[in-house]
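# Coordinate inspection notes
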Amino acid sequence: TFQKIGVQAQVFTIVNDERYHYDNLIEGKIVHPGTEHGQDIAKYTGSTTGTSRSNEICSRYTPITWQVDRKCHMVSASSFDKLCKDMKAQKDDMSDDLHAHGARELVASQFAADNHQRIM
C-alpha cells in the first residue's frame, strides 16, 4: 500500500565488459559477500521521485524508507539488456519504465526529514 513503501537503490556505470555481468537484475539490488555491493548503505526517509513532484506539490507516497548504496558500481551493458528483456516479460506492464526519467528538484531543507545529512 502507499503507506508502507521502501526503496532500495544502486547506481551503476554501464560498461562494455562481461566481467561485470549480472544475469538477474530484475531480482533486486546486487549484494555479494566479499564485494563492495550493498556494504555502505545510506538509510533515510523521504518521498517519491519524478518531475511531477516539487516543493509545492507533495506526494501522497510518504514517508518512504530509502536504502541507497553509496558506491557507484560497474555493470555490463548486456546486464541491462537482460533487465529490459525481463521487464518486458513481467505480467504487470513495465514498458513505461524502459526509458530514462527526470528527477525532482532538490527538496528544500525546511521540508526534508531530519534523519539524513546532505554532502555538498
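Residues numbered from 1 in each chain as written. Predicted model: local features only at pLDDT ≥ 70, side-chain atom pairs only at ≥ 80, totals over all residues. Heavy atoms only, no water.

### What to know about the overall build of the protein chain
Counting its secondary structure elements, the protein chain contains one helix and three strands. Secondary structure of the protein chain in N-to-C order comes out as β-β-β-α. If you line up the protein chain on its principal axes, its C-alpha atoms span 45 × 35 × 25 Å. Within the protein chain, the proportion of its 120 residues that are buried is 22%. Element-wise, carbon and sulfur atoms account for 51% of the exposed surface of the protein chain, whose accessible area totals about 8,900 Å². (Helix = DSSP H or I, 4+ residues; strand = E, 2+ residues; numbered from the N terminus. Buried < 20%, exposed > 50% of the residue type's maximum accessible area, 1.4 Å probe, protein only. Areas by Shrake-Rupley, 256 points an atom, 1.4 Å probe, with all protein chains shown as cover.)

### Thoughts on the confidence of the model for the protein chain
Per-residue pLDDT for the protein chain averages 83, and the proportion of residues at 70 or more is 92%. No element of the protein chain has a lower mean pLDDT than strand β2 (residues 41-46), which averages 81, and none a higher one than helix α1 (residues 77-88), which averages 95. (pLDDT = per-residue confidence, 0-100.)

### A few points about a negative patch on the surface
Together, Asp-92, Asp-93, Asp-96 and Asp-97 line one region of the surface with negative charge. For Asp-92, a relative accessible area of 60% translates into the label exposed. (Patch = residues over 30% accessible without salt bridge, like charges linked within 9 Å, V, L, I, M, F, W, Y side chains within 5 Å. Salt bridge = Lys/Arg side-chain N within 4 Å of Asp/Glu carboxyl O. Lys, Arg positive; Asp, Glu negative; His and termini not counted. Charge placed at Lys NZ, Arg CZ, Asp CG, Glu CD.)

### Examining the environment of Gln-8
With respect to the element layout, Gln-8 can be found in strand β1 (residues 5-15). Taking the C-alpha atoms as reference points, Gln-8 and Leu-83, 75 residues apart in sequence, are found 16 Å from one another. Setting aside residues no more than four positions away along its own chain, Gln-8 makes contact with Lys-29 and Gln-67. (Contact = heavy atoms within 4.5 Å.)

### Re the side chain of Ser-76
Mapped onto the elements of the fold, Ser-76 is located in strand β3 (residues 64-76). Of the polar contacts made by the side chain of Ser-76, one reaches the side chain of Ser-78; its length is 3.0 Å. There is a polar contact of 2.8 Å between the side chain of Ser-76 and the side chain of Ser-79. (Polar contact = N/O pair within 3.5 Å; in protein donor to acceptor, adjacent residues only side chain to side chain.)

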